[in-house]
Every structure is written in structure tokens, then in C-alpha cells.
Amino acid sequence: QSILKNYHLLSNVAVERIYVELTKLLLGKGVGRILLEFKEVFFHLIPKLKLCDGFEQKSKFHCYDVYTHIVKSIENSTPDKIVRWALLLHDIEKPACFTVDNSGVGHFYGHQKLSSETARQILRYFKTDNLTINTVSQLIYLHDIPLDANKVAVKFFLSKYGYFFLKCFSFVRIGDALAHAQPYGEVRVENANQVLKIADEIVKSGECYTLKRLAINGDDLKKLGYKGIQIKQKLDYVLDLVIKGKINNDKEEILTLFKRK
């Protein structure tokens, strides 16, 4: 009762301290109950969350209002700081993007981009470190994109974003999916788990998905007469072939490819 009566006094507390305590709370076992029971506190700290409370999604894919969906996604996710901050803010701009089609079905076109931008503003307000700001905002921007559970697709994702980001991305998708109406969420969970499994296999086996793991480097191409931007272009070209399985990551085989030209 005292918390609900006096939460406005948090305005007198340094935002850095609030961020630290909010992070601890997000990682706690009872986070779901607390976010629902004391939601007025969190609406005071992050006002846009209040607009999500009770906001019906009008979709067969959702069984909760936007705020409850956010809470359930956090509750069902792995207790990681990056993942849970991303889930706290991943749908924060859904109310601003809401439209209803002629069939009475709700849509939230563009909410990923707008929520990503808002998340960046909120985390900057809390004076969060740049790694967290950039990673969380990018996770939110990408959280709805499809990623096929096959080696080629996963390798291209790893090449662009790295293993750490892929893990966070998968954990965000799992938490988000578990807060959807079933069985729709189950399909996404299975996909994310398969992606994680494939990524782990790729990394543990040392398979090539980055220029650093490529069997040739810039010096090899310089010896063949390539210069400047040509070197990067050719390395990217070879990496693309290796990821697609069209050529082995073998130095002699790759150099033979260039010699034939």
C-alpha cells in the first residue's frame, strides 16, 4: 500500500539508480506478478507502458492485451538483462500503430521500428551503456523477422549479427512466442530452438561464417593483383559461396577459383 501511495517519490531518485534496480527486478523470479500488481509504479517510470495497459489486440494470434502480453513474454523468457529489457519495450508503440481492417482484425504495422526508436530514447534517459542501448533497440527492430532453421540462413544471420546477438534474438523470440495464443506461439518457439541448435553446431564445429574464418585473406588476394575495395568485394564473394556450400573453405580450392579467372 505504501509503494502504491508513494511511488511518485521516485522522481527524486537518480535515473541511474532506478535503471539498476529495474534491471534487478526484471531478472527476478517474481517479475510477472510484480509488473502486474504494481504496474502504476512502472507506468510512472516509463509512461508509454500505461498506453499498453488494457489495449486489446483484436487478433487470433494474441490472447492478452498489449501490456499483459509484454509481462508474460518477460515471465517466460530466459533471465538475461538484454533479453528482458528488449521484451519490456518490444511492443511499447503498438497502441500508436494500431489499425483495424474491414474484417475487424487488428494490425500494428511499423510497430517494430517505432518501438525500437522509443526504446533507444528510454534507455538513453536511464543513462544506459551503449552496448545495451544498441543491442536492445536492434533486437526490437528485428524481433518479428522470420529466420529459417537451416544452416545457410543461420550462417548468413551469424555473419551479419554475430553469435551473441543471435542467441539474444532467439531468446527474445521464444519469450514473445510463449506470450502468444497457442498453438501459434508453439511454432515460433520450435523455430527459435532449432535456430539456436544449428547456431551452436556451427560455432562448435568451427564452420566458416565470417571473413575471419575464411581460409584466405587480403594478403592472398594482393599477391594475385587485387587492390583496395576489390579485395573486400572478392572476400565477400568467396564467403557467400562458402556459406552457400558452393565451394569448400579450403585455401587451395579458393585460390584455384581466382586463378581460373
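Check the entry above for the structure.
Residues numbered from 1 in each chain as written. Predicted model: local features only at pLDDT ≥ 70, side-chain atom pairs only at ≥ 80, totals over all residues. Heavy atoms only, no water.

Another point: the packing of aromatic side chains. Evaluation of the coordinates by the stated rule reveals 13 aromatic pairs. Taken together, a centroid distance of 5.2 Å and an interplanar angle of 40° make the contact between phenylalanine 98 and phenylalanine 108 tilted. Taken together, the positions of phenylalanine 98 in the loop between α7 (81–89) and β1 (99–100) and phenylalanine 108 in the loop between β2 (106–107) and α8 (111–125) put the pair 10 residues apart, joining distant regions of the chain. Among the residues examined, phenylalanine 108 registers a relative accessible area of 9% and is labelled buried. (Phe/Tyr/Trp six-rings, centres within 6.5 Å; stacked < 30°, edge-to-face > 60°. Helix = DSSP H or I, 4+ residues; strand = E, 2+ residues; numbered from the N terminus. Buried < 20%, exposed > 50% of the residue type's maximum accessible area, 1.4 Å probe, protein only.)

Attention now goes to α7. Here α7 lies mainly inside the structure; 8 of its 9 residues are buried. Where α7 is concerned, the buried positions are Ile82, Val83, Arg84, Trp85, Ala86, Leu87, Leu88 and Leu89. The residue sitting at the N-terminus of α7 and contributing the capping side-chain oxygen is aspartate 80; that oxygen lies 3.0 Å from the backbone nitrogen of isoleucine 82. (Polar contact = N/O pair within 3.5 Å; in protein donor to acceptor, adjacent residues only side chain to side chain.)

Turning to the packing of helix α10 (residues 151–161) against helix α14 (residues 229–243), a few remarks are in order. Each pair of packed helices gets described by two things: the angle between the helix axes and the distance between those axes. It is at 10 Å that the axes of α10 and α14 come closest, and there the two elements cross at 145°. Across the interface between the two elements, Val152, Lys155, Phe156 and Ser159 from α10 touch Leu239, Asp240 and Ile243 from α14. A per-class count over the contact of α10 with α14 returns 4 nonpolar, 1 polar and 2 charged. (Axes fitted to C-alpha atoms, helices over the stretch in contact; angles between N-to-C directions. Contact = heavy atoms within 4.5 Å. Nonpolar A, V, L, I, M, F, W, Y, C, P; charged D, E, K, R; others polar.)

We now examine the nonpolar core. Ile46, Trp85, Leu88, Leu89 and Phe126 are the most contacted members of the largest nonpolar core, which totals 57 residues. Among the nonpolar cores identified, the runner-up in size contains 17 residues, and Cys208, Leu214, Ile231 and Val242 belong to it. (Core = buried A, V, L, I, M, F, W, Y, C linked by side-chain atoms within 4.5 Å.)

Turning next to the pattern of salt bridges. Side chains that differ in charge, positive against negative, can pair when their charged atoms come close. Under the criterion given, the structure shown has 16 salt bridges. Measuring nitrogen to oxygen at the nearest pair gives 3.5 Å for the salt bridge that ties glutamate 16 to lysine 127. Remark: lysine 127 occurs in the loop between α8 and α9 (130–142) and glutamate 16 occurs in helix α2 (residues 15–26); sequence separation between them is 111 residues. Taking the relative accessible area as the measure of exposure, glutamate 16 reaches 36% and is therefore partly exposed. Of the residues examined, lysine 127 reaches a relative accessible area of 55% and is grouped as exposed. The residue glutamate 207 makes a salt bridge to lysine 155 at a minimum N-O spacing of 2.9 Å. With a gap of 52 residues between them, glutamate 207 in the loop between α12 (184–205) and α13 (218–223) and lysine 155 in helix α10 connect regions that are remote in the sequence. By sharing partners, the salt bridges in this structure join Arg17, Glu21 and Lys24 into a single network. (Salt bridge = Lys/Arg side-chain N within 4 Å of Asp/Glu carboxyl O.)

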